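# Overview (structure and organization)
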Amino acid sequence: MGKLLPFLVLIAFNGFGQVATKSIARQGHVSFFSYTSVEHIKAENNQVLSIVDSTTGEIAVSMLMNAFVFEKALMREHFNESYVESDIYPKATFVGTIMDFDPTLEGEQTRMVEGRFNMHGVTKELQIKTKITRNNETFILSGTFETLVRDYEIKIPPLLAGNIAKTISVDFNFECMPYEN
Amino acid sequence: MANAEPELYMSANDLVDLLEKKDGAGLLSAEKVIEITGAIKEINKKNNRLTVILHVQGKEHPSIICDMMEGQENLIKEFEPTDTLVIKGVFKGILKDAIFLNCVVSHE
């Protein structure tokens with residue numbers, strides 16, 4: 001978050017040296033799924049922050065790891081205390097750019113979003129295929145991607161290894177509204 | 001949550017004032033149950049969740065986002081923006097707004 005905050009401030013105060021058009025989602029949705037033969041685990045976070053600068057195509061996302069909601073309390077406890085250690089690493093962040101973004105295009109466009117995702121203290125470069133729907137002044141960004149648990153140095157005890165998939169599927173949906181300071 | 005005893009009782013304004021202080025956020029550790037009194041800015045059902053956003057007087061942002069527990073619809077439907085509401089919930093942290101989950105109407 002230390003690196004993300006200045007970026008968010010830059011976006012918020014038109015710091016890119018041009019007249020920026022910013023959009024914000026304060027209640028963005030991120031969910032992830034882990035499917036194994038032993039157990040299916042799903043968690044949802046409905047308060048994900050996302051800011052898009054449509055002039056530059058830059059995007060910043062931040063979420064609280066302890067705001068993921070699970071079906072079972074024990075899953076939530078294991079996730080926060082043992083896997084993502086949300087007291088030590090409370091936020092996950094993504095900072096990137098929507099490639100070839102045309103903010104004037106009404107309706108749908110599919111674009112690659114390239115950037116750096118930080119979770120559990122580990123930063124990885126990601127390229128995410130993203131559907132962007134413009135409806136008047138609102139941009140809806142949505143998509144799905146897969147990521148490896150081991151990439152983020154999340155240690156699963158051998159006893160529970162069969163319960164957690166090696167590859168996690170992540171869905172996201174950000175409805176970004178015009179943002180004025 | 002309905003029977004949980006809040007650890008803190010605060011107005012929406014005091015909560016945000018505290019969070020904006022340099023060391024204030026440290027005083028409000030995540031997972032604390034807090035009862036907040038504030039004016040309703042917005043009620044919405046984004047992501048199929050009932051959410052109440054409390055307004056902080058004199059500021060457009062930050063706000064307080066309260067993700068309501070199931071079964072709160074009947075209580076919330078009586079309220080409109082600008083009405084004062086008392087909500088208790090679990091403080092999760094702050095992004096651009098303060099975020100609370102498992103919220104219930106404490107009293108009207």
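Under the annotation held in an unreviewed UniProt entry, chain A carries the name YceI family protein and is attributed to Flagellimonas algicola.

Helix and strand content of chain A: 2 helices and 9 strands. Within chain A, the proportion of its 181 residues that are buried is 50%. Of all intrachain contacts in chain A linking residues separated by at least 6 positions in sequence, the fraction that spans at least 24 positions is 61%. Summed over its atoms, the accessible surface of chain A is roughly 9,100 Å², and 53% of this surface lies on carbon and sulfur atoms.

Contacts between chain B and chain A engage 19 residues on the former and 19 residues on the latter. Contact with chain A buries area across many residues of chain B, yet B:N47, B:L95 and B:K96 alone supply 37% of it, more than any other trio. Between chain B and chain A we count 2 salt bridges in total. Salt-bridge contacts for A:R26 lead to B:D97; the nearest nitrogen and oxygen are separated by 2.5 Å. Joining chain B to chain A, the criterion identifies 11 residue pairs in polar contact (both at pLDDT 80 or more). Secondary-structure elements contributing two or more residues to the side of chain B that touches chain A are strand 3 (51–56), strand 4 (59–68), strand 5 (84–94) and strand 6 (98–107) of chain B. Looking at the side of chain B that touches chain A residue by residue, the classes come out as 7 nonpolar, 5 polar and 7 charged.

The next subject is unusual backbone geometry. The phi dihedral of A:D100 falls on the positive side, at around 55 degrees, and the residue is not glycine. By the secondary structure assignment, A:D100 is in the loop between strand 5 (91–98) and strand 6 (107–119). The residue B:N48 is not glycine, and still its phi comes out positive at about 60 degrees. Examined against the element boundaries, B:N48 turns out to sit in the loop between strand 2 (33–44) and strand 3. On the basis of relative accessible area, B:N48 is assigned to the exposed category, the value being 76%.

Conventions used here
- Residues numbered from 1 in each chain as written.
- Chains lettered and ligands numbered in written order.
- Predicted model: local features only at pLDDT ≥ 70, side-chain atom pairs only at ≥ 80, totals over all residues.
- Heavy atoms only, no water.
- Helix = DSSP H or I, 4+ residues; strand = E, 2+ residues; numbered from the N terminus.
- Buried < 20%, exposed > 50% of the residue type's maximum accessible area, 1.4 Å probe, protein only.
- Contact = heavy atoms within 4.5 Å.
- Areas by Shrake-Rupley, 256 points an atom, 1.4 Å probe, with all protein chains shown as cover.
- Buried area = accessible area lost by both parts, 1.4 Å probe.
- Salt bridge = Lys/Arg side-chain N within 4 Å of Asp/Glu carboxyl O.
- Polar contact = N/O pair within 3.5 Å; in protein donor to acceptor, adjacent residues only side chain to side chain.
- Nonpolar A, V, L, I, M, F, W, Y, C, P; charged D, E, K, R; others polar.

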